[in-house]
Amino acid sequence: MSRTGKLIVILLGVVAAGGGWYAYDAGLRPFGLETEADGANAKRGANPGLPVIAEYASMMEEKTVVEAVGTGKSALGVSIYPAVSGEVDDVLFHAGEQVARGQVLLILDADRERLARDLAAVQVKDAKQLLDRYEQARPLGAVSESEVDTARTALAEARIRLDQAEVDLADRTILAPFDGTVGIPQVEAGDRVDSSTLISTLDNVESILVDFEVPETRFDNVSIGQSLRVETWSLPGEWFEGTVDAIASRIDAESRTFQVRARVPNPTGRLLAGMSFAVYVDIDGQTYPSVPEISVLWGDGGTYVWRIKDDKVESVSVRVVKRTRGRILLDGPIAKGDLVVVEGVLRLRPGRDVAATIRSNDETGVAQRNNTGEGS
């Protein structure tokens, strides 16, 4: 061997020895001294689990919200008209006043009717006196039985005329038919009125009735007593709870809707007849598995998610039912408690080992769907 060749061999030996001892200095074993434990560790590390973030699937109820626009009216509300013609003698109420049932609201002139009543009362008195005399004289044979019967008939007719006079006199006084709030008077003392003249309105607004329309496709989803909520543009930001009070028995052939009436309690009297309302009816639906929106993927075969089972992932085909607040309701072989990959899905393949970090799910369990524009 030449001198140059010897120098190369020596240098290689020095480098090899130095590398081995450098391994010792770094806290490792020198080359060629691998233990049995080292072999096992290397085998386990040959295919490490892919780190992913996962979440347990939860169950959520699909709740559809049917929206409609309705008009409110008082649970008890009337327009007051006089029963007869005449001149207004006095108006005894003011706009917005609370009145009680039977309270006098308006009086028409009633001089003629009082005279007619008094005359009828006198006629009754005379007829009764005549009948009393005939009944006393009949046992003596002074009057016949037929004359007594005629006197009885005359008394009955006189009493009917008195009753009629009392009714005519009562018609000259207009009373409140129920407790409520009276509207603006439409007449004044001295006005001539008849049965077509509006006197005022009277409303009892302890509860408000709201009429609205619902599409015929929801006929089986609305029932008496079902809860709902309303909002009026007159009081923005305030919600009022109510219930379904009545449902129409037929579908309107032109609009393809049916009428629904809601009853909304109004103890404070803030809601008034004639207000317009936005009505929201909650309709319960089926319960579906719920997963985060980012965990649902789309491929050639359709929609799917990655499910972790025994530290391995598998692709599960699903159908998207609806999206709500960053989550998706699924229809497919996903059950409550299944571990679904949320992040780290790009490198996954069926059967791939994963190391999952599990995050919590704080969902409430109800998903709402707003059907904007349903109804009228």
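## So, the overall build of the protein
Then, in step 1: Secondary structure assignment for the protein yields four helices and 21 strands.
Then, in step 2: A burial count over the protein gives 34% of its 376 residues as buried.
Then, in step 3: For the protein, contacts bridging at least 24 residues in sequence account for 75% of all contacts bridging at least 6.
Then, in step 4: Approximately 22,500 Å² of the protein is accessible, and the part contributed by carbon and sulfur atoms is 52%.

## Focus: the environment of L106
Then, in step 1: Here L106 lies in strand β5 (residues 104-108).
Then, in step 2: Overall, L106 belongs to the buried group, its relative accessible area being 0%.
Then, in step 3: Remark: the alpha-carbon pair of L106 and D90, spanning 16 residues in sequence, is separated by 5.8 Å.
Then, in step 4: Beyond its immediate stretch of four places on either side in the chain, L106 contacts V88, D90, V91, R172, T173, I174, V187 and I199.

## Points about the pairing of strand β10 (residues 227-232)
Then, in step 1: Burial analysis of β10 places five of its six residues in the buried class, the great majority of the element.
Then, in step 2: Across four bridges, the pairing between β10 and strand β11 (residues 240-247) is antiparallel. Following the sheet pairing, V230 is matched in β11 by F240.
Then, in step 3: Relative to strand β13 (residues 276-292), β10 is paired through five bridges, and the arrangement is antiparallel. In the strand pairing of β13, V230 is matched with V279.

## Things to note about helix α4 (residues 145-170)
Then, in step 1: Taking 1.5 Å as the rise per residue, α4 with 26 residues should run 38 Å; its terminal C-alpha atoms sit 38 Å apart, in good agreement.
Then, in step 2: If you check which residues of α4 are buried, you get V148, A151, L155, A158, L162, A165 and L169.
Then, in step 3: Structurally, α4 contributes buried residues whose contacts are with α3 (111-137) and β6 (173-175).

## Some remarks on the sheet that holds β5
Then, in step 1: Spatially, four strands are ordered β6-β5-β3-β8 in an open sheet, and the strand pairing comes out antiparallel. With partners counted over all chains shown, the strands left at the sheet margins are β6 and β8 (192-193), one partner each.
Then, in step 2: For strand β3 (residues 86-91) and β8, the ladder comprises two bridges, and the chain directions are antiparallel. Paired with G86 across the strands is V193, a residue of β8.

## Examining the pairing of strand β1 (residues 50-56)
Then, in step 1: In the sheet, β1 pairs with strand β20 (residues 354-358) via five bridges, with the strands oriented parallel. Each residue of the ladder has a partner; that of P51, found in β20, is A355.
Then, in step 2: Where β1 meets strand β19 (residues 339-343), four bridges bridge the pair, whose relative direction is antiparallel. Bridging across to β19, I53 finds its partner in E343.

## A short note on a negative patch on the surface
Then, in step 1: Negative charge collects at one region of the surface, where E87, D89, D90, E188 and D191 lie side by side.
Then, in step 2: On the secondary structure map, D90 appears in strand β3.

## Let's talk about the packing of aromatic side chains
Then, in step 1: As enumerated under the stated definition, the model contains three aromatic pairs in all.
Then, in step 2: When the ring of Y304 is compared with that of W306, the centres are 5.9 Å apart and the planes differ by 90°; the resulting orientation is edge-to-face.
Then, in step 3: A residue is classified by how much of its surface remains accessible, and W306, at 6% relative accessible area, is buried.
Then, in step 4: A cation over a ring is seen here: R229 above W239, with NZ or CZ 5.7 Å from the ring centre.

About the criteria used
Residues numbered from 1 in each chain as written. Predicted model: local features only at pLDDT ≥ 70, side-chain atom pairs only at ≥ 80, totals over all residues. Heavy atoms only, no water. Helix = DSSP H or I, 4+ residues; strand = E, 2+ residues; numbered from the N terminus. Buried < 20%, exposed > 50% of the residue type's maximum accessible area, 1.4 Å probe, protein only. Contact = heavy atoms within 4.5 Å. Areas by Shrake-Rupley, 256 points an atom, 1.4 Å probe, with all protein chains shown as cover. Pairing = 2+ DSSP bridges. Expected span 1.5 Å × (residues − 1). Patch = residues over 30% accessible without salt bridge, like charges linked within 9 Å, V, L, I, M, F, W, Y side chains within 5 Å. Salt bridge = Lys/Arg side-chain N within 4 Å of Asp/Glu carboxyl O. Lys, Arg positive; Asp, Glu negative; His and termini not counted. Charge placed at Lys NZ, Arg CZ, Asp CG, Glu CD. Phe/Tyr/Trp six-rings, centres within 6.5 Å; stacked < 30°, edge-to-face > 60°. Lys NZ or Arg CZ within 6 Å of the ring centre and 35° of its normal.

Purely geometric stuff here, so don't read any function into it on its own.
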